[in-house]
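Fold and contact review
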Amino acid sequence: MANVFPKWVNTIPIKVIVAAILIKTAVIAGFTYYFTPKYTRVGYAPTQPVAFSHALHSGQLEIDCRYCHTNVDRSEHSNVPATEVCMSCHSMVRKDDPLLAPVRDSYASGEPIPWVRIHKTPDYVYFNHAVHVNRGISCVECHGRVDQMKVVHHDKPLSMGFCLECHRNPEEYIRPPEEVYNLDWERPETEEFKETAVGFVHDWKVNPPQSCSGCHR
Amino acid sequence: MRIFFAIFIFAIVTVVSILGFRGSLSTKPPLEVFPDMDRQARYKPQAENSFFDDGRNDRPIPSGAVARGNYLNYNEVFSEDFVDLRLGDVAYNKGKHADDTFVQTLPTEVTYANMEHGRLKYEIFCVSCHGAAGDGNGVTKPYGVLAASYHDDRLRNESDGYIYDVIMNGKGLMYGLSDRLSADEAWSIVLYFRALQFSQNASVEELTPAQRDLLGI
């Protein structure tokens, strides 16, 4: 009796298995890589109504974060400054620059400048800026090196895993309170500093919640 | 099988070329793959609100009202002779007595903590224009900001209340900081301001021999 199936049919199961493994791997890799805030949020850099450069103001001129974001250490919300804050210098500096026209218009009319918000937590997340910066967690931990950004972009994923990473090990992120607004500060890699950091966590009674209701309401 | 590999590679290249890599800058808002209840109809600070004519969520304070927990508009609300046990009197909040004369000397305690507080606030709000030594040589000077030097006889002889008034309400080209400073912060800046003046206008005779030895003069 002649063979019903030609010989190449023998390789079909192997080929199907190889193809299935490849497709599955690719799909899983694709989901892991793309379906995460590390991809969806990081790098968001909207065009703002005024081409304000943090690299110039904060980096080069070393204006303190709190000069404009004054409420960061006294409120849960870190405010975008009023136009008047811009005008305290720009009534003198570049006072006829067309790039600053929206600022002057806003100051004259009282209409706010429509800045585009970049960092958004979901609405069921209650993040409090003041408790973080007043207990030695620097701006840079969540916002990155804003002082080097000409156009601000979303630098960290701000996912729940990202928050918990620090909430579980605060001593690895906490820093001396006077360095909180110094984005340039480098953490000393010494045993001595590690002990100091553990001391900060203990002395300031830093007890970051890991329960759901700590942040979700 | 070759056809399969060709399609497989093509699919990966297509996906990667469309979606790009993690962290690449984009002006497009972040993709929210599963929106869940991330964006709720809830009032957020400084957010937009189509309900009100001016589109703002933050409502201006009606005249004669005090925002809860916020006495920054204290002066506009209370009458001249109002005395609050916790906040002090009008002289404390305004730097002026009821008859419009300036308070002569600091109404706060002169302590090291208060001085440090003043230095901290000075380095946030004043140093960019007036400089670390208070000589008017801040980083903004090359850009055309004209800031006063503290080291002249007129400012040495002005009352503390006058300095307080200038910090809060501005003078000439300088804008007031009453929207960003509380009364006790402004008074501590006045204290540090006096220290800066003294630092540039002290004579060797005022030091004890021990202090002179320490400085080597």
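A brief structural summary. Quantities reported herein were computed from a predicted structural model and do not represent experimental measurements.

1. What about helix H9 (residues 160-168) of chain A?
Along H9 of chain A, the residues classified as buried are Leu164, Cys166 and His167 of chain A. Viewed along the axis of H9 of chain A, the buried residues span an arc of 165°, placing them on a single side of the element.

2. Focus: the interface of chain A and chain B
At the interface, 54 residues of chain A touch 50 residues of chain B. Both sides together, the interface formed by chain A and chain B hides about 4600 Å², and carbon and sulfur atoms give 59% of it. Where chain A touches chain B, the interface holds 3 salt bridges. Between Lys44 of chain B and Asp123 of chain A there is a salt bridge, with its nearest N and O atoms 3.0 Å apart. For the pair chain A and chain B, the number of links is 18 residue pairs in polar contact (both at pLDDT 80 or more). It is helix H1 (residues 12-34) of chain A that provides the largest number of residues to the side of chain A that touches chain B, a total of 9 residues.

3. Thoughts on the packing of aromatic side chains
Throughout the structure, instances matching the rule amount to 16 aromatic pairs over all chains. An angle of 35° between the planes, with centres 6.0 Å apart, marks the rings of Tyr107 of chain A and Tyr175 of chain B as tilted. Placement of the pair is Tyr107 of chain A in helix H6 (residues 101-109) and Tyr175 of chain B in strand S4 (residues 174-175), with the two residues belonging to separate chains. Relative to Phe52 of chain B, the ring of Phe51 of chain B lies with its centre 5.1 Å away and its plane at 85°, an arrangement referred to as edge-to-face. The exposure class assigned to Phe51 of chain B is exposed, which follows from its relative accessible area of 66%. What makes Phe52 of chain B partly exposed here is its relative accessible area of 24%. Among the aromatic residues, those joined into a ring-pair cluster are Tyr122, Tyr150, Tyr192 and Phe193 of chain B. When the ring centre of Phe52 of chain B is taken as origin, the NZ or CZ atom of Arg59 of chain B, which lies over that ring, is 3.8 Å away. Stacked on the ring of Tyr67 of chain A, the Lys or Arg Arg180 of chain B has its end atom at 4.6 Å from the ring centre.

Rules of the game
- Residues numbered from 1 in each chain as written.
- Chains lettered and ligands numbered in written order.
- Predicted model: local features only at pLDDT ≥ 70, side-chain atom pairs only at ≥ 80, totals over all residues.
- Heavy atoms only, no water.
- Buried < 20%, exposed > 50% of the residue type's maximum accessible area, 1.4 Å probe, protein only.
- Helix = DSSP H or I, 4+ residues; strand = E, 2+ residues; numbered from the N terminus.
- Arc of directions from axis to C-beta.
- Contact = heavy atoms within 4.5 Å.
- Buried area = accessible area lost by both parts, 1.4 Å probe.
- Salt bridge = Lys/Arg side-chain N within 4 Å of Asp/Glu carboxyl O.
- Polar contact = N/O pair within 3.5 Å; in protein donor to acceptor, adjacent residues only side chain to side chain.
- Phe/Tyr/Trp six-rings, centres within 6.5 Å; stacked < 30°, edge-to-face > 60°.
- Lys NZ or Arg CZ within 6 Å of the ring centre and 35° of its normal.

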